[in-house]
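Architecture and fold: a report
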Amino acid sequence: MEKFTKLSAIAVPLDRANVDTDAIIPKQFLKSIKRSGFGPNLFDEWRYLDHGEPGMDNSNRPLNPDFVLNQPRYQGAQILLAWDNFGCGSSREHAPWALEDYGIRVIIAPSFADIFYNNCFKNGLLPIVLPEEIVDELFKLVEANEGLKLTVDLEQKTITADTGLKINFELDEFRRHCLLEGLDEIGLTLAHADEICQYEEKQKKITPWLFNE
Amino acid sequence: MSAKTLYDKLWDSHEVRKNDDGTSLLYIDRQLIHEVTSPQAFEGLRLANRKPWRVSANLATPDHNVPTTNRAEGIADPISKIQVETLDKNCHDFGITEFRMDDIRQGIVHVIGPEQGATLPGMTLVCGDSHTSTHGAFGTLAFGVGTSEVEHVLATLCLIQKKSKNMLVRVDGQLKPGVTAKDIILAIIGIIGTAGGTGYAIEFAGEAIRSLSMEGRMTISNMAIEAGARAGMIAVDDTTIEYVKGKTYAPKGGQWEMAVQYWKNFHSDEGADFDKEVILDASCIEPQVTWGTSPEMTIAINERIPDPQQESDAVKKEGMKAALKYMGLEAGTPINEMPVDVVFIGSCTNSRIEDMRAAAEIVRGRKVADNVQQALVVPGSGLIKQQAEAEGLDKIFKEAGFEWREPGCSMCLAMNADRLEPGQRCASTSNRNFEGRQGQGGRTHLVSPAMAAAAAVTGHFIDASQLAATSGSDVSGSTV
C-alpha cells in the first residue's frame, strides 16, 4: 500500500450529502477483475452526459459541464470535500480504488459510512472527519479562492493553507501508523499466527461443529 | 459479571487478542464469497504467495452477474462471463466449495448461507457485500467487508476491528394485518435515518420482531446497513433453532444438542446497557413506500410526497429537491396515485419462499395491469425456485403476466441484463433506491413483496391489504 505522509493539493467541493458508492463507481464497472483503471469512471453518471459502459474510450465522451469535477479550476484536485455520510451503501472497494485512481488521496466530510471509511485505509486514502461548521468553512474558503492549495500533514494531523488556515484533526493511532508506514495488515495479523491457532484449539472444544471439514 | 448485550457476547467470544491501540483481532468463523468483490482478493493471495487459512470456512456462489434467463446458453456479456469464470477458477484452484451457476443450490449469497446452514447462531460471518448484515437474524455477528478484508479473512480468518457501540431498536406490540417485516425496517430507517446507525451494531428486539419468521427477521437485519449499521442482529430463540435444524451444514447428532445449548446464550442479558435505544409501537406502522433516492425517504401508503420547503435543515432540503427532480415527483402528490412501469420482486431482502408466497397471495386470480411494462419475479436460490414451483406459485405469477426467472441479484443492482430504462418507475422489493441503482435514470420505490404485487396488478401503488380482503378470483379475474 502507498504511504501517506503529507500532501499539498487543490480541493474540490462536492456539495452533496449521502454520496453513495453506486454514485462513486456505478455497477457496470465492477465487472473488472483488476484493482486499477477505475479513475476515468469515477462519478460516471454525474460526470458524463452519456451512459458509460466498460471498454468505452472515455476521452471522447461528452462531459457534464455542471459537475464540479469537470470545472477547469478544480483540475488536478487531490482532496475532496463532501457532506455527511459519504460512501454509504454498497461495500465495493472499487469506490476507494476509483477515487485513488483518479488522484484523490484525502476526503474531508462531517461523517463517513463505516465500510467505506474502513476501505479507504487499505488503499492509502485518508478520510478526515471534521465538525460540520469547519467543513462549511472549508467549502467557503475553497470556493472563494481559485487555485488555493490545502496542505494535509498526517504526521502533525493538521490541515493548513496560505490564508492562515490551520485545522487539527483526529485519527485512530493504528490507522495513522499504517498509513504513514504503508503497512500490509495481513502481514501484521500473521505475526499473531500462534495466538490464532491457540484460539482455534480452545474453540474446537466449545464449538466443534464450526470446525467440521 | 455485568450484563452483556448480544453483540458483546458475540464480540467477546471471537476476540483472539486485544491490541494496545483499542482494536482487537477478531476471529471470523465463516466467509461467503461471490464473483464481484473477490477476484482482486484471490489475486492478492497469489501475489503474496499466501494460502487460505482454512479452506472449509469459505463458501462461494456467483450471484451479481448471473443471467436470470436462458441459463443453458451461458453468460452473454463477455465481461460478466470473465468475472464468473474467474470465481470458478479461483475456487477450483484454492479448493473452496462453490455452488456454480448450473447448481440447484446456486443463489444470492445471503439467501444460500442460511438455506444451507452455513450461517449459524453465535458465529461471526463476513462477505464482501454490505448486505451481509442479513445473517445477523440468526444471532450471528455478520457484516460486510471490502475486498482487502476478503483477502485478509482468506489468509488469516481474522480481521483487525474496533468494537462498535450498542444500539437497541425495540418494536413493541403487534403489527396491523398487511404490515410486514419490510414495512418495519423501512419505518425504522425513516426514523433514525441512513446514518443513524453509523458506528453502531443494532440489535432488533421486541414483540413484533420476535413474532416474525426467520425470513422476516432476515429482511429486517438485511437493511440494517441502510440505517448505517454494518451489523444488525436478533437474539436466538426457538424460531431460530427450528429453522437451522436439519440444514446441510448445521451440526448433527451429539453436536446438535451441544450447539443448541450453546446458542441459547446468544441474547442480551436483562439489564444490559445500550448506548442508544429507539422504541417503536408496531401498531403505528403502516405499509411503506419510499419516494426518494435514499431509503430514509419513506412514507406510509396513505401519505403525500413531502415538501422540501417544510424542511429546515439546508443540506437535507437540497437533498429532497434533488430527489424529487430525479424521481420526477411533485411535493404533495398522494403516493397511492403514482402509476408504476416495472415491478421487481426479488433481491437478498425479499426473495425467500415466504416472500414468494406473500406476493402470490395478492396476484392469485389477477392480471398484471396494462400500464405495467414488465413484472419480474426472481427467486433467491435454485432451491427456493424449486419449492415455489412445487407449491404452484410460478403458475400464479405466469398466468398473471409476470416473468418467472432464474435466481440471482438481478434488477436489485442491474449488473446483469435486468435493468430499468431511464425514467421508468419501479415498485421494487430490493433495498436501495439510489440514483441509477436499478439502471441509469431508473426510479426505484422500495416496498414489501405484497405491496409490489399489489402495484403490479393495479398499475399503481396501493395498500395491499385492500386487495387481500377480496381475492382476485372472486371478482372474475378483473383488476381491482
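Now for a look at the structure at hand. (Residues numbered from 1 in each chain as written. Chains lettered and ligands numbered in written order. Predicted model: local features only at pLDDT ≥ 70, side-chain atom pairs only at ≥ 80, totals over all residues. Heavy atoms only, no water.)

Turning to the sheet that holds strand S12 (residues 276-281) of chain B, a few remarks are in order. Residues and elements named next belong to chain B. Read from one edge of the open sheet, four strands run S11-S10-S9-S12, paired in parallel fashion. At either margin of the open sheet sits one strand with a lone partner, and together these are strand S11 (231-233) and S12. Between one strand axis and the next, the sheet turns through 20° on average, direction left out of account. Here strand S9 (residues 165-172) runs beside strand S10 (residues 200-205); their pairing, made up of six bridges, is parallel. Residue pairing in the sheet places Met167 in a bridge with Ile202 of S10. (Pairing = 2+ DSSP bridges. Helix = DSSP H or I, 4+ residues; strand = E, 2+ residues; numbered from the N terminus. Axes fitted to C-alpha atoms, helices over the stretch in contact; angles between N-to-C directions.)

Another point: the packing of aromatic side chains. All names here are of chain A. A full pass over the atoms with the stated rule returns 20 aromatic pairs over all chains. Their ring planes at 70° and their centres at 5.4 Å tell us that Phe86 and Phe116 sit as a pair that is edge-to-face. On the criterion of sequence distance, the pair formed by Phe86 in the loop between strand S2 (79-81) and helix H3 (94-102) and Phe116 in helix H4 (residues 114-121) is long-range, its members being 30 residues apart. Since its relative accessible area comes to 2%, Phe116 is described here as buried. These aromatic residues form a ring-pair network of at least three members: Phe86, Phe112, Phe116, Tyr117 and Phe121. Over the face of the ring belonging to Trp46 we find Arg16, whose NZ or CZ atom lies 3.9 Å from the ring centre. Residue placement shows Arg61 over the ring face of Tyr48; its charged tip is 3.8 Å from the ring centre. (Phe/Tyr/Trp six-rings, centres within 6.5 Å; stacked < 30°, edge-to-face > 60°. Buried < 20%, exposed > 50% of the residue type's maximum accessible area, 1.4 Å probe, protein only. Lys NZ or Arg CZ within 6 Å of the ring centre and 35° of its normal.)

Moving on, we get to the sheet that holds strand S4 (residues 126-129) of chain A. Residues and elements named next belong to chain A. The sheet built from seven strands is open, its strands ordered S4-S3-S2-S1-S5-S6-S7 with mixed pairing. For this open sheet the edge positions go to S4 and strand S7 (166-168), each flanked by a neighbour on one side alone. Neighbouring strand axes in the sheet, compared pairwise and without regard to direction, differ in orientation by 25° on average. As judged from the three bridges shared by S2 and strand S3 (residues 106-109), these two strands associate in the parallel manner. From the neighbouring strand, Leu81 faces S3, where its bridge partner is Ile108. Those strands touched by helix H5 (residues 132-144) are strand S1 (6-13), S2, S3, strand S5 (149-153) and S7, and its axis lies near 85° from that of S1. (Contact = heavy atoms within 4.5 Å.)

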